[in-house]
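# Fold and contact review
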Amino acid sequence: MQDTGAFKLRGAANKIISLFETDKPDGLITVSSGNHGRAVAYVAKQLGTTATVCITSLVPENKIAGLRMFGANIVIHGDDQNEAEQRAIELATQQGLAFIPPFDDPHVIAGQGTIGLEMLEAQPELETLLIPLSGGGLISGIAIAAKALKPSIRIIGVSTQEGAAMHASLKAGHIVPMEEQVSVADALPGPIQESNAYTFRICQSLVDETIQVSETQIEAAMAYLMRYEKLIVEGAAAVGVAALLGKLSKRDLGPTATVLTGDNINIEKALDTFSRVENNGKY
Ligand SMILES: *Cc1c(COP(=O)(O)O)cnc(C)c1O
């Protein structure tokens, strides 16, 4: 329910404001075509500076339109994420732009962590938090904040079945390379860089457990949220509810909360998911 339709505004704003307090950059640049890109563009506009988003030639037109709506300049480069990121880093040096990382950054992590503070402020009795997990900026921030306030709290990361880079890396004990994957939770799959400096280690020490939910379970959770809570969320936001309806339904987790992380889904797609799940008659 934030202006860009996702929590990423918190981390991006905290990072960008910290840069403006020290050495004001000539503009901002990032590589995310999704919620982080929109957040960077939104904050840039508020602060009267520019945002450039480097994307691959594979990013669909509706996502580009979403970025333009928030005033981003778009640079299309290459057809994989690494090439786009290389280009962004080059442009940052050439043009004096500040690169805003999507998750592996202390200010980004701290910004996302404000959600953890708010959750425990609202419900101090919480014992378990189910947090959608991709690169781990969100869960790192929430885990640091929540465990500082309440060391006994249990933090469970929830990922998709495919492309769950952090889940696989935590299991392996080192960063595992991951191909891009398609998921109904399109904000979740994606690689973690070999150069990861923060989120992997924070997850290793503060996340109690990570689990995966299937595509069918995510769709069922999206439909469940529409039917029973009258909420439309994107796939990534529904994974905590998917876990509660499925895998975790029989576990005693005590008072439990999850974060509905975003609502950037097109309405036709949401309604289509709803009718398919309803027709199957199964949550
Ligand atoms: C980015 C994002 C996540 C995951 O956040 P990470 O910090 O990458 O783990 C979850 N849900 C939505 C909607 C997102 O945009």
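Located above this text is the structure these notes cover.
Attention in this report is confined to the structure presented alongside it. (Residues numbered from 1 in each chain as written. Predicted model: local features only at pLDDT ≥ 70, side-chain atom pairs only at ≥ 80, totals over all residues. Heavy atoms only, no water.)

Reading across from one edge, β3-β2-β1-β4 is the order of the four strands in this open sheet, with parallel pairing throughout. Among the strands making up the open sheet, the edge pair consists of β3 (73–76) and β4 (98–99). Taken together, the two bridges between strand β1 (residues 28–30) and β4 define a ladder with parallel strand orientation. Each residue of the ladder has a partner; that of Ile29, found in β4, is Phe99. Along the sheet, helix α4 (residues 81–95) makes contact with β1, β2 (51–55), β3 and β4, crossing β2 at roughly 150°. (Pairing = 2+ DSSP bridges. Helix = DSSP H or I, 4+ residues; strand = E, 2+ residues; numbered from the N terminus. Contact = heavy atoms within 4.5 Å. Axes fitted to C-alpha atoms, helices over the stretch in contact; angles between N-to-C directions.)

Further remarks concern a negative patch on the surface. On the surface, Asp79, Asp80, Glu83, Glu179 and Glu180 cluster together into a negatively charged patch. Following the sequence through the fold, Glu83 ends up in helix α4. Assessed through its relative accessible area of 33%, Glu83 is described here as partly exposed. (Patch = residues over 30% accessible without salt bridge, like charges linked within 9 Å, V, L, I, M, F, W, Y side chains within 5 Å. Areas by Shrake-Rupley, 256 points an atom, 1.4 Å probe, with all protein chains shown as cover. Salt bridge = Lys/Arg side-chain N within 4 Å of Asp/Glu carboxyl O. Lys, Arg positive; Asp, Glu negative; His and termini not counted. Charge placed at Lys NZ, Arg CZ, Asp CG, Glu CD. Buried < 20%, exposed > 50% of the residue type's maximum accessible area, 1.4 Å probe, protein only.)

Turning our eyes to something else, we now look at the site of the ligand. The local shell around the ligand holds 16 residues, among which Lys8, Asn35, Gly136, Leu138 and Thr261 are the closest. Gly135 is positioned with one of its backbone polar atoms (N or O) 3.0 Å from an oxygen atom of the ligand. Between the ligand and Thr261, the relevant distance is 2.8 Å, taken from a nitrogen atom to a side-chain nitrogen or oxygen of the residue. Alone, the ligand offers 380 Å² of accessible surface; in the complex the protein occludes 97% of this. (Near = heavy atom within 4 Å. Polar contact = N/O pair within 3.5 Å; in protein donor to acceptor, adjacent residues only side chain to side chain.)

Within the span of helix α8 (residues 199–206), buried status applies to Thr199, Phe200, Ile202 and Cys203. With its buried residues spanning 165° around the axis, α8 presents them on a single face. With respect to the buried face of α8, the exposed residues turned more than 90 degrees away are Arg201 and Ser205. Summarising the contacts, the buried residues of α8 are in contact with α5 (106–122), α6 (137–149) and α7 (165–172). (Arc of directions from axis to C-beta.)

The values reported here are purely geometric and, on their own, carry no functional implication.
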